[in-house]
Amino acid sequence: MGYVIGIDGGATKTRCAAFDSEMRVLAETFGGSSNLTSLSQEEVRHNLTDLLDRFFLESNLLPEECSCLCLGSAGAGRKSARKELKKILKEVLPQSHIFVTDDAISALTGGTGGGPGILLISGTGSICLGRDSTGRVCRAGGWGHVMGDEGSGYDMACRMLRAIVCAHDGRAEPTLLTQLVFDYWGVAGIDELTDLVYRSGKGKSEIASLAFLCDIGYDKGDKPAVRIVKDCAEELAAMAAAVAEKLALPGEELPCLGAGSVLEKSLCLRKHLEAELREKGTGLRLARCRYDAAWGCGRLAWEQAGCVE
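Residues numbered from 1 in each chain as written. Predicted model: local features only at pLDDT ≥ 70, side-chain atom pairs only at ≥ 80, totals over all residues. Heavy atoms only, no water.

Draft legend 1. Main features of the overall build of the chain. Helices and strands together make up the secondary structure of the chain, namely 13 helices and 10 strands. Here the C-alpha radius of gyration of the chain, 21 Å, is about what a compact globule of 309 residues would show, namely 19 Å. Along the three orthogonal principal directions, the C-alpha set of the chain runs to about 65 × 50 × 30 Å. Looking at the 309 residues of the chain, the share that counts as buried comes to 53%. For the chain, restricting intrachain contacts to residue pairs at least 6 apart in sequence, the fraction spanning at least 24 positions comes to 67%. Surface exposure of the chain reaches about 14700 Å², of which carbon and sulfur atoms provide 51%. The positive charge centre, built from 35 side chains, and the negative charge centre, built from 42, are 3 Å apart in the chain. (Helix = DSSP H or I, 4+ residues; strand = E, 2+ residues; numbered from the N terminus. Rg over C-alpha atoms; globule rule 2.2 N^0.38 Å. Buried < 20%, exposed > 50% of the residue type's maximum accessible area, 1.4 Å probe, protein only. Contact = heavy atoms within 4.5 Å. Areas by Shrake-Rupley, 256 points an atom, 1.4 Å probe, with all protein chains shown as cover. Lys, Arg positive; Asp, Glu negative; His and termini not counted. Charge placed at Lys NZ, Arg CZ, Asp CG, Glu CD.)

Draft legend 2. Layout of the sheet that holds strand 2 (residues 13-19). Ordered in space as 3-2-1-4-5, the 5 strands form an open sheet in which the pairing is mixed. In this open sheet, the two strands that pair with only one neighbour each are strand 3 (25-32) and strand 5 (97-102). The mean inter-strand angle of the sheet, taken between neighbouring strand axes irrespective of direction, is 15°. Pairing analysis gives 6 bridges linking strand 4 (residues 66-73) to strand 5, with the strands arranged parallel. (Pairing = 2+ DSSP bridges. Axes fitted to C-alpha atoms, helices over the stretch in contact; angles between N-to-C directions.)

Draft legend 3. Main features of the pattern of salt bridges. Considering all chains together, one arrives at 15 salt bridges under this definition. Between aspartate 132 and arginine 136 there is a salt bridge, with its nearest N and O atoms 3.3 Å apart. Note that glutamate 235 and arginine 159 form a salt bridge whose closest N and O atoms lie 3.7 Å from each other. With glutamate 235 in helix 10 (residues 223-247) and arginine 159 in helix 5 (residues 153-169), the pair connects residues that are 76 residues apart, well separated along the chain. Judged by relative accessible area, glutamate 235 falls into the partly exposed class, the value being 29%. One connected set of salt bridges, linked through shared partners, spans Glu42, Arg45, Glu84 and Glu91. (Salt bridge = Lys/Arg side-chain N within 4 Å of Asp/Glu carboxyl O.)

Draft legend 4. Local environment of the pairing of strand 3. Bridge count between strand 2 and strand 3: 7 bridges; the pairing is antiparallel. Looking at strand 3, one finds that cysteine 16 is bridged to threonine 29. In this structure, the hairpin formed by strand 2 and strand 3 is closed by a connection of 5 residues, where methionine 23 is found at a positive phi of approximately 60°.

Draft legend 5. Spatial organisation of the nonpolar core. Within the largest apolar cluster, 53 residues are counted, with the highest numbers of intra-cluster contacts made by Leu120, Met160, Val181, Trp185, Leu193, Leu269 and Leu273. Sorting elements by how many residues they give to this core places helix 10 first, with 13 residues. Once residues within four sequence positions are removed from consideration, leucine 269 is found in contact with Met156, Val229, Cys232, Ala233, Leu236, Val262 and Leu263. (Core = buried A, V, L, I, M, F, W, Y, C linked by side-chain atoms within 4.5 Å.)

Draft legend 6. Fine view of the side chain of serine 126. As for its placement among the helices and strands, serine 126 is situated in strand 7 (residues 126-131). Here glutamate 150 takes part through its backbone oxygen, which lies 2.7 Å from a polar atom of the side chain of serine 126. Non-local contacts of serine 126, meaning those with residues more than four positions away in its chain, are made with Ile121, Gly141, Gly142, Asp149, Glu150, Ser152, Leu236 and Met239. (Polar contact = N/O pair within 3.5 Å; in protein donor to acceptor, adjacent residues only side chain to side chain.)

Draft legend 7. Structural detail: the side chain of serine 122. Structurally, serine 122 can be placed in strand 6 (residues 117-122). Apart from the residues within four sequence positions on either side, serine 122 is in contact with Gly151, Ser152, Gly153, Leu236, Ala259, Gly260, Ser261, Val262 and Leu263.

Draft legend 8. Summary view of the packing of aromatic side chains. Considering all chains together, one arrives at 3 aromatic pairs under this definition. Ring centres 4.2 Å apart and planes at 10° place the aromatic pair tyrosine 291 and tryptophan 295 in the stacked group. Given the relative accessible area of 11%, tryptophan 295 is considered buried. In this structure, arginine 139 is placed above the aromatic ring of tryptophan 143, and the distance from its NZ or CZ to the ring centre is 4.2 Å. (Phe/Tyr/Trp six-rings, centres within 6.5 Å; stacked < 30°, edge-to-face > 60°. Lys NZ or Arg CZ within 6 Å of the ring centre and 35° of its normal.)

Here it is in structure tokens:
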């Protein structure tokens, strides 16, 4: 029957893997970003073409035996982006069925193993998606850093920066976060911090990279840091509760799978999120993902090929 290819297109790197009908990995390779939101069409075209060329060269798999390719990309939320990505992939695999979807859908599929469940992602941004046993998909969050991304690394970092300036003004209590951020970014005071935030060209990812410092403050008992962690956990729990309510079916319990760099690395955030989920009476229990997004793309590819229900 051949094989399928699943491509997890992240903001910084892309993983390409081939799967047989039993979802066993036949070969894999890695390449640069395939995110049309952060890169030009030509850069994405080059990265995807180079990735697949190297993949076929290294794997010795025949392109004509690929039944379907599924790309889950962080930049595929817009219809125009999906159309462009599909066009690029068709140039490399003209004989294969091509399916392009949002990276959150492939992460949900991988996290749940293709079954029902809820996926809560907190990385640079945040989103919650869920699927019930009928295949119906619902979401909450994922509205970007201006309108949303509550409980994300970016949200946590912005709350930290606000706590620092409020402490500087005398509007709030002093916080250990001030010196932690000063040291991490190598600034001598509040003026240098302000210049770095607003005039250095630092983007969302660079701001979000501060989030891990909140864990250090939390572990030292810093009250503002503890409050920020609790507030972010409450925001994430609200997303999960909203999705659970939309998907609720009689007698059906859905696992809540935590993913994303912040939720995977922050033990204190996970602890408070678990407490918030219990307090809200959602019936959800935080768990680890079964498989990754590349696996999810492979599963979706087999579904598109008509071999999986």
